[in-house]
Amino acid sequence: MSLPIWGCYFQFPLATFFLEWGGQGRDTLALTTRTGIWEEAEELLLESGGGVGEEEEDEEEEEEQMTMEGRGEVGPRKVHDDDHFEGVEIPETAHLISRDSWFQAAFVLTTGVNSVFVLGYSGTIMVPLGWVPGVLGLIAAAAISLNANVLIAKLHEFGGKRHIRYRDLAGHIYGRKAYSLTWGLQYVNLFMINTGFIILAGEALKAVYVLFRDDHVMKLPYFIAITGFVCALFAIGIPYLSALRVWLGVSTVLSLIYIVVAFVLALRDGLNSPARDYSIPGHKTGKIFSTIGAAANLVFAYNTGMLPEIQATVREPAVKNMLKALYFQFTIGCLPMYAVTFVGYWAYGSSTSSYLLSSTRGPVWVKALANISAFLQTVISLHIFASPMYEYMDTRFGITGSALKFQNLSFRILVRGGYLTVNTLVAALLPFLGDFESLTGAISTFPLTFILANHMYLMAKQNKMSSLQKSWHWLNVCFFGCMSVAAAIAALRLIAVDSKTYNLFADL
């Protein structure tokens, strides 16, 4: 990838975040600018004899809400006609919704795509599939995933109500049992993703330690425990998803650091190395199961399993803005992932590790910088995927108002700290990263992203579909249902094999 493309990926979004979402001081600047524009409009109205009473009241309420956001508070607000489409009901939640631009949502999605997991795709996707199936698989998975996510995004306001949670949408279409089942699938999906994040961050910390002291005194479970503690501190300090704001810009910088370092070091190693072996490792049966597991990793790479929750943060028109965010994610947002995945496999072939920085050779300080960046970016990414759980608990127990209020702070320490403690314990017990990706894709990502998306859209729009369109959606439901079962079997087999190779709390 050329340097101008990298520069565009970094400079434009980061500048936008600092100007638009850079914290309380910047909110005040933006508010002052808008107030100045309003005052000029008011003078023109007065000159023409027009009144501004109702608009002044609306502007005052907007200023009050912006001030509350700057202090980290969430409270009730008046819903204006320009905030949403007429007749669309917004459900109750303790977190801020309908406030973010499509660009911020796009970078929430892009943060997920270019998380530290990208450093594993050379080993967990390309090695089991090889060049042609791997490249075609990633492209096909992107197209299929974009289509499925577009279907979900278009149902966001189905039935005259904003469905700000995945389970709300399923419950509205199918009923109460589907609500509970979807919530269970989503919880498992996000829990396992977060477990994978903690494993990766622990590996990154251990890699830094080994660079300076390879004495085997500190084991991987110790670094996983440190990761869990840092993630808990961050979760306590950031009350809701929209509050990430400038942290998304920080995440972009951190992602670029470890992706560029991995890309450059792998490229240099590849140019200086003899011919590599790109054959798929393993015997015939093992290759079959590895291929199925890699297929689950393909869909895991692009999908969050929480699209309605991200779309809930987007201001109206929510559907149109979310589609913009998705198109950004699946075009510009995916380029860094492709670059590091393909170059990593090209450089090391079938010997590529499941954590690319472990395969690279280069200056100690460069590799240390990349691993530290990977660790810190993981902390931010994990918060995104844990936010549906946080929103559920905060809404369930009525945690609103200032984020620094003693009751709210104590609640976050207890609940979020407890949730991440369980995550960390599971990560330390079974630190098999590739297996987690495969199993997550099989039992939750496939059903949530493809099976439910197509069937819900079919149920909601069946009266407006042709027979050919209905057949297409049913084909998707059946195909991905079979893929889900096959991928789950393959992933469980991988876990069984690795359980024989490694002990609990293994130091990988």
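Residues numbered from 1 in each chain as written. Predicted model: local features only at pLDDT ≥ 70, side-chain atom pairs only at ≥ 80, totals over all residues. Heavy atoms only, no water.

Visitor: Even after reading the chapter, I still don't get the overall build of the chain, so can you show me in this structure?
Guide: Looking only at helices and strands, the chain features 18 helices and zero strands. Counting the 508 residues in the chain, one finds 56% classified as buried. Taking as baseline every contact in the chain between residues at least 6 positions apart, the subset at least 24 positions apart corresponds to 82%. Accessible surface computed for the chain: about 21600 Å², of which carbon and sulfur atoms make up 66%. (Helix = DSSP H or I, 4+ residues; strand = E, 2+ residues; numbered from the N terminus. Buried < 20%, exposed > 50% of the residue type's maximum accessible area, 1.4 Å probe, protein only. Contact = heavy atoms within 4.5 Å. Areas by Shrake-Rupley, 256 points an atom, 1.4 Å probe, with all protein chains shown as cover.)

Visitor: Any chance you could explain the confidence of the model for the chain here in plain terms?
Guide: Parts of the model with low pLDDT should not have their predicted coordinates read in detail. This prediction gives the chain a mean pLDDT of 81; 81% of its residues lie at or above 70. Contacts from residues 1-85, a stretch scored under 50 in pLDDT, to residues over four places away or in other chains number 114 contacts. (pLDDT = per-residue confidence, 0-100.)

Visitor: I keep staring at the nonpolar core and nothing clicks. Help me out?
Guide: Across soluble globular proteins, you tend to see nonpolar side chains buried next to one another. Core analysis: the largest hydrophobic core is formed by 125 residues, its most contacted members being Leu 119, Tyr 302 and Met 337. Counting residues per element, this core draws most heavily on helix 15 (residues 364-396), which supplies 13 residues. (Core = buried A, V, L, I, M, F, W, Y, C linked by side-chain atoms within 4.5 Å.)

Visitor: Any chance you could explain the state of the cysteines here in plain terms?
Guide: Formally, a disulfide is one covalent bond, and it connects the sulfur atom of one cysteine to the sulfur atom of another. For the coordinates displayed, the defined rule picks out zero disulfides. With no disulfide of its own, Cys 478 lies closest to Cys 482 among cysteine sulfurs, the gap being 6.9 Å. (Disulfide = S-S within 2.5 Å.)

Visitor: Would you mind going over the side chain of Asn 423 with me for this structure?
Guide: Positionally, Asn 423 belongs in helix 16 (residues 406-429). Residues contacting Asn 423, with those up to four places away along its chain left out, are Phe 191, Asn 194, Thr 195 and Ile 198.

Visitor: Would you mind showing me how to read unusual backbone geometry here?
Guide: Outside of glycine, negative phi angles account for most residues, and trans bonds account for most peptide bonds. Look at the link from Glu 316 to Pro 317: it is a cis peptide, with omega at -5°. In this fold, Pro 317 is placed in the loop between helix 12 (307-311) and helix 13 (318-329). Residues other than glycine seldom take positive phi values, yet Ser 98 does so here, at roughly 60°. Examined against the element boundaries, Ser 98 turns out to sit in the loop between helix 3 (53-70) and helix 4 (102-113). A residue is classified by how much of its surface remains accessible, and Ser 98, at 8% relative accessible area, is buried. Unlike most non-glycine residues, Arg 245 shows phi in positive territory, near 35°. Of note, Arg 245 is situated in the loop between helix 9 (220-237) and helix 10 (246-271).

Visitor: What is the right way to look at the environment of His 156 in this model?
Guide: Residue position: His 156 is located in the loop between helix 6 (131-154) and helix 7 (166-174). Of the residues examined, His 156 reaches a relative accessible area of 1% and is grouped as buried. C-alpha separation for the pair His 156 and Ala 318, spaced 162 residues apart in sequence, amounts to 7.7 Å. Among residues more than four places away in sequence, those in contact with His 156 are Lys 161, Arg 162, His 163, Ile 164, Pro 308, Gln 311, Ala 312, Ala 318 and Val 319.

Visitor: Mind showing me how you'd approach the packing of aromatic side chains here?
Guide: The geometry of an aromatic ring pair is captured by the separation of the ring centres together with the interplanar angle, meaning the angle of the planes. Within this structure, the stated rule accounts for 26 aromatic pairs. Ring centres of Phe 107 and Phe 328 lie 5.2 Å apart, and the angle between their planes is 40°; on these two criteria the pair is classed as tilted. Of this pair, Phe 107 sits in helix 4 while Phe 328 is found in helix 13, placing the two residues 221 residues apart along the sequence. Relative accessible area serves as the criterion here: at 1%, Phe 107 is assigned to the buried category. When the ring of Phe 479 is compared with that of Phe 480, the centres are 5.1 Å apart and the planes differ by 75°; the resulting orientation is edge-to-face. (Phe/Tyr/Trp six-rings, centres within 6.5 Å; stacked < 30°, edge-to-face > 60°.)

Visitor: So what exactly am I meant to see when it comes to helix 18 (residues 467-501) here?
Guide: Residues three or four positions apart in an α-helix share a direction because the helix packs 3.6 residues into each turn. For helix 18, which comprises 35 residues, the first-to-last C-alpha distance of 51 Å matches the rise-based estimate of 51 Å (1.5 Å per residue) to within 8%. Looking at helix 18, one finds that the buried residues are His 473, Asn 476, Val 477, Phe 480, Ser 484, Ala 487, Ala 488, Ala 490, Ala 491 and Asp 498. (Expected span 1.5 Å × (residues − 1).)

Visitor: What is the right way to read the side chain of Thr 352 from this model?
Guide: Along the polypeptide, Thr 352 turns up in the loop between helix 14 (335-348) and helix 15. Owing to a relative accessible area of 9%, Thr 352 belongs among the buried residues under this scheme. A polar side-chain atom of Thr 352 sits 2.6 Å from the main-chain carbonyl oxygen of Gly 349. (Polar contact = N/O pair within 3.5 Å; in protein donor to acceptor, adjacent residues only side chain to side chain.)

Visitor: Help me understand the packing of helix 6 against helix 13 in this model?
Guide: Helix-helix packing is described using two parameters, namely the angle between the two axes and the distance between the axes. The N-to-C vectors of helix 6 and helix 13 enclose an angle of 165°; their axes lie 9 Å apart at closest approach. It follows that helix 6 is roughly antiparallel to helix 13 by the angle criterion. Note on packing geometry: the crossing formed by helix 6 with helix 13 is right-handed. Counted together, Leu 146, Asn 149, Val 150, Ala 153 and Lys 154 of helix 6 and Val 319, Met 322, Leu 323, Leu 326 and Tyr 327 of helix 13 form the full contact between these two elements. Split into classes, the residues belonging to the contact of helix 6 with helix 13 amount to eight nonpolar, one polar and one charged. (Axes fitted to C-alpha atoms, helices over the stretch in contact; angles between N-to-C directions. Parallel < 35°, antiparallel > 145°, perpendicular 65-115°, else oblique. Left-handed = near helix turned anticlockwise from the far one by under 90°. Nonpolar A, V, L, I, M, F, W, Y, C, P; charged D, E, K, R; others polar.)

Visitor: Got a minute to help me understand a nonpolar patch on the surface in this structure?
Guide: A cluster of nonpolar side chains, contributed by Trp 131, Val 132 and Leu 136, occupies part of the molecular surface with about 290 Å² of accessible area. In this fold, Val 132 is placed in helix 6. Since its relative accessible area comes to 57%, Val 132 is described here as exposed. (Patch = residues over 30% accessible without salt bridge, like charges linked within 9 Å, V, L, I, M, F, W, Y side chains within 5 Å. Salt bridge = Lys/Arg side-chain N within 4 Å of Asp/Glu carboxyl O.)

Visitor: Explain helix 5 (residues 121-129) to me, please; I cannot follow it from the model alone.
Guide: Counted residue by residue, helix 5 has nine buried out of nine residues, so it is predominantly covered. Among the residues making up helix 5, those that are buried are Tyr 121, Ser 122, Gly 123, Thr 124, Ile 125, Met 126, Val 127, Pro 128 and Leu 129. With its phi angle positive at about 85°, Gly 130 sits one or two positions after the end of helix 5.

Visitor: Please explain the pattern of salt bridges as it appears in this structure.
Guide: Under the criterion given, the structure shown has seven salt bridges. Residues Asp 168 and Arg 165 are paired through a salt bridge, measuring 2.8 Å at the closest nitrogen-oxygen approach. Put simply, Arg 165, Arg 167, Asp 168 and Glu 391 are held in one network by salt bridges that share partners.

Visitor: What is the right way to look at the packing of helix 5 against helix 6 in this model?
Guide: Two elements in contact, helix 5 and helix 6, have axes separated by 6 Å at closest approach and are oriented at 125°. Classified by the angle their axes make, helix 5 and helix 6 are oblique. Only Trp 131, Pro 133, Gly 134, Val 135 and Leu 138 of helix 6 make contact with helix 5, whose side of the interface consists of Ile 125, Met 126 and Leu 129. Among the residues forming the contact of helix 5 with helix 6, the class breakdown is seven nonpolar, one polar and no charged.

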